[in-house]
Amino acid sequence: MSKLWSKMALRADPYIPGEQIDGKGIIKLNTNENPYPPSPHVAEAITQELDRKLNLYPSPTADSLRETIAVHHQLRPENVFIGNGSDEVLAFAFMAFFDPGKAIRFPAITYSFYPVYARLFDIPYETVPLARDFSITTCSFFQSDGGVIFPNPNAPTGIYLELEHIADIAKNNAGTVVIIDEAYIDFAGESAVSLINTYDNLLIVQTMSKSRSLAGLRIGYALGNAKLIEALTRIKNSFNSYTLDRLAIVGAEAAIRDQQYFAQQVERIVQTREWVTKRLKQNGFTVLPSQANFIFANHYKLSAKLLYEKLKRNGVLVRYFDKPEIDNYLRITIGTDTAMTVFFEKLGAVIAELV
Ligand code: PMP
């Protein structure tokens with residue numbers, strides 16, 4: 001490696017994102033995007049903004065969007081921090097709340113960006129094993145030295161942890177920050193946002209990439225006590241004085257305002273998830289109980305790697321993780337009903353060939 005690199009660059013061991021293939025006819029079920037377009041009001045708002053003010057800087061803290069998000073969650077703007085996708089919000093949160101020398105905890109099977117940030121920012125970490133059924137064991141997160149982070153529902157398992165357990169974890173970590181990454185919460189049970197007024201050490205991170213179909217605009221945000229938000233803002237302003245570009249700000253506002261469209265799309269995906277689960281079981285898969293827009297499943301006989309490769313050759317992209325703990329599982333994003341029907345046709349042919 002380069003002798004010119006800083007210690008930080010040397011430590012960096014980057015996250016490898018899922019393949020982004022744009023080929024025609026590819027059924028893309030590998031990066032948990034929403035298969036439906038965003039609300040039509042998003043394009044209208046962006047077109048209007050394009051005609052107006054691109055020569056002017058946007059609001060540094062995206063204030064109008066902050067206000068919209070605050071109202072949506074029945075909070076105040078001081079409780080909202082916005083970033084360029086929740087990955088960026090999470091990076092700022094690692095810098096704002098976790099320290100070198102104090103080990104943070106996250107599940108042994110979880111979002112693989114957490115160890116990447118921990119290594120980059122020199123934060124030690126302990127991975128907590130999941131129970132045999134892949135659920136999170138609440139008490140193993142009590143009394144952490146440096147803080148806690150995990151997604152709810154967890155990724156890539158899709159398993160949801162009830163709010164009373166989140167409250168217990170926050171209560172038993174007073175003095176350190178507990179971050180709940182709710183990237184997939186809109187496909188699941190209740191959000192832990194209702195707990196932030198009780199627990200001032202609880203930070204909730206959400207994204208507009210999944211349930212709002214805006215992965216391409218890059219909008220994520222954190223919700224928490226005003227003191228936590230202030231720390232995030234200090235860190236962000238030390239990097240870049242602007243939060244989002246003008247098009248992302250107006251697009252995000254339009255998406256949040258269109259609650260009816262949002263609710264319809266979420267409901268469609270949840271319904272598709274239910275029938276896809278049943279059919280996977282009929283095809284010889286064990287399926288974890290998902291409350292997300294993806295499913296984590298393993299076949300009783302065939303290797304996940306082989307299935308992934310054969311499906312890819314047949315134009316269907318799912319996610320395979322080359323990690324020993326989960327290398328017998330596939331993560332399958334919920335697509336449209338049509339896409340999932342094609343998926344099952346191709347899967348059936350691949351299984352028939354291999355079994
Ligand atoms: N958290 C989890 C658990 C995720 O799966 C993802 C998507 N890869 C993210 C955060 C980041 O999403 P985004 O940066 O698009 O908001």
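Residues numbered from 1 in each chain as written. Predicted model: local features only at pLDDT ≥ 70, side-chain atom pairs only at ≥ 80, totals over all residues.

1. Describing the pairing of strand β2 (residues 80–83)
1) Next: Side chains Val 80 and Ile 82 project from β2 onto one buried face, and the interleaved Phe 81 and Gly 83 project onto a second face that is buried too.
2) Next: As judged from the 4 bridges shared by β2 and strand β8 (residues 220–223), these two strands associate in the antiparallel manner. Bridge assignment links Ile 82 to a residue of β8, and that residue is Tyr 221. (Buried ≥ 20, exposed ≤ 12 C-beta atoms within 10 Å, placed from the backbone. Helix = DSSP H or I, 4+ residues; strand = E, 2+ residues; numbered from the N terminus. Pairing = 2+ DSSP bridges.)

2. Regarding the UniProt feature "modified residue: N6-(pyridoxal phosphate)lysine" (unreviewed entry) in the chain
1) Next: The sites that carry the UniProt feature "modified residue: N6-(pyridoxal phosphate)lysine" (unreviewed entry) are, in the present numbering, Lys 210.
2) Next: Along the chain, Lys 210 turns up in the loop between β7 (202–207) and β8. (UniProt positions renumbered as here; feature names shortened; annotations may be inferred.)

3. Overview of the UniProt feature "domain: Aminotransferase class I/classII large" (unreviewed entry) in the chain
1) Next: If you check UniProt for "domain: Aminotransferase class I/classII large" (unreviewed entry), the listed places come out as residues 25–346 in our numbering.
2) Next: When the span residues 25–346 is considered, its composition is 37% helix and 15% strand, and the gap between its end C-alpha atoms is 13 Å.

4. Here we look at the sheet that holds strand β12 (residues 319–320)
1) Next: Spatially, β9-β10-β13-β12 is the arrangement adopted by the 4 strands of the open sheet, whose pairing is antiparallel. Each edge of the open sheet is held by one strand with a lone partner, namely β9 (285–287) and β12.
2) Next: Sheet topology places strand β10 (residues 294–299) next to strand β13 (residues 330–333); 4 bridges connect them, and they run antiparallel. Note that in β13 the partner of Phe 296 across the bridge is Arg 331.

5. Some details on the pairing of strand β6 (residues 178–181)
1) Next: Taking every second residue as pointing to the same face, both faces of β6 are buried, with Val 178 and Ile 180 on one and Ile 179 and Asp 181 on the other.
2) Next: One ladder, built from 4 bridges, connects strand β5 (residues 148–151) with β6; its direction is parallel. Each bridged residue has a counterpart across the sheet, and for Phe 150 the counterpart in β6 is Ile 180.
3) Next: For the segment spanning β5, helix α6 (residues 163–171) and β6, crossover handedness is right-handed. (Right-handed = clockwise from strand over helix to strand, strands pointing away.)

6. Notes on the confidence of the model for the chain
1) Next: Summary statistics for the chain give a mean pLDDT of 96 and a share of 100% for residues scoring 70 or more.
2) Next: For this predicted complex, the interface score ipTM comes out at 0.99, alongside a pTM of 0.97. (pLDDT = per-residue confidence, 0-100.)

7. What about unusual backbone geometry?
Keep in mind that most residues, glycine aside, have a negative phi and that most peptide bonds are trans.
1) Next: Here the bond from Asn 152 into Pro 153 is cis, since omega is -5°, no more than 30 degrees from zero.
2) Next: Along the polypeptide, Pro 153 turns up in the loop between β5 and α6.
3) Next: The linkage connecting Ala 155 with the following residue, Pro 156, adopts the cis geometry, with an omega of 5°.
4) Next: Considering the arrangement of structural elements, one finds Pro 156 in the loop between β5 and α6.
5) Next: Phi at Asn 32 takes a positive value of approximately 55°, unusual for a residue other than glycine.
6) Next: Structurally, the position occupied by Asn 32 is in the loop between β1 (27–28) and α2 (40–50).
7) Next: A tally of 22 C-beta atoms within 10 Å means that Asn 32 is categorised as buried.

8. Some points on the packing of helix α4 (residues 86–97) against helix α7 (residues 226–237)
The description of two helices packed together rests on the angle between their axes and the distance between the axes.
1) Next: Look at α4 against α7: their axes get within 9 Å of each other, and the N-to-C directions meet at 110°. Judged by the inter-axis angle, α4 sits roughly perpendicular to α7. Note on element contacts: α7 touches α4 through Ala 231, Leu 232, Ile 235 and Lys 236, opposite Phe 92, Ala 93, Met 95, Ala 96 and Phe 97. (Axes fitted to C-alpha atoms, helices over the stretch in contact; angles between N-to-C directions. Parallel < 35°, antiparallel > 145°, perpendicular 65-115°, else oblique. Contact = placed C-beta atoms within 7 Å.)

9. Examining the nonpolar core
1) Next: Ranked by size, the top nonpolar core spans 98 residues in total, and within it Ala 93, Ile 204, Ala 222 and Ala 252 carry the most contacts.
2) Next: In terms of residue count, α4 provides more of this core than any other element does, 9 residues in total.
3) Next: Each of domain 1 (7–37 + 260–354) and domain 2 (40–258) contributes no fewer than three residues to this core. (Core = buried A, V, L, I, M, F, W, Y, C linked by C-beta atoms within 7 Å. Domains from an automatic or database assignment.)

10. Re the domain arrangement of the chain
1) Next: Each assigned domain of the chain is listed here: domain 1 (7–37 + 260–354) and domain 2 (40–258).
2) Next: Placing the centre of domain 1 and that of domain 2 at their C-alpha centroids yields a distance of 24 Å.
3) Next: Taken together, the contacts link 31 residues of domain 1 with 27 residues of domain 2.
4) Next: At the level of elements, α1 (7–11), α9 (259–282) and β10 are the ones that each hand at least two residues to the side of domain 1 that touches domain 2.
5) Next: The greatest single-element share of the side of domain 1 that touches domain 2, amounting to 7 residues, is contributed by α9.
6) Next: Its residues placed into classes, the side of domain 1 that touches domain 2 shows 19 nonpolar, 7 polar and 5 charged. (Nonpolar A, V, L, I, M, F, W, Y, C, P; charged D, E, K, R; others polar.)

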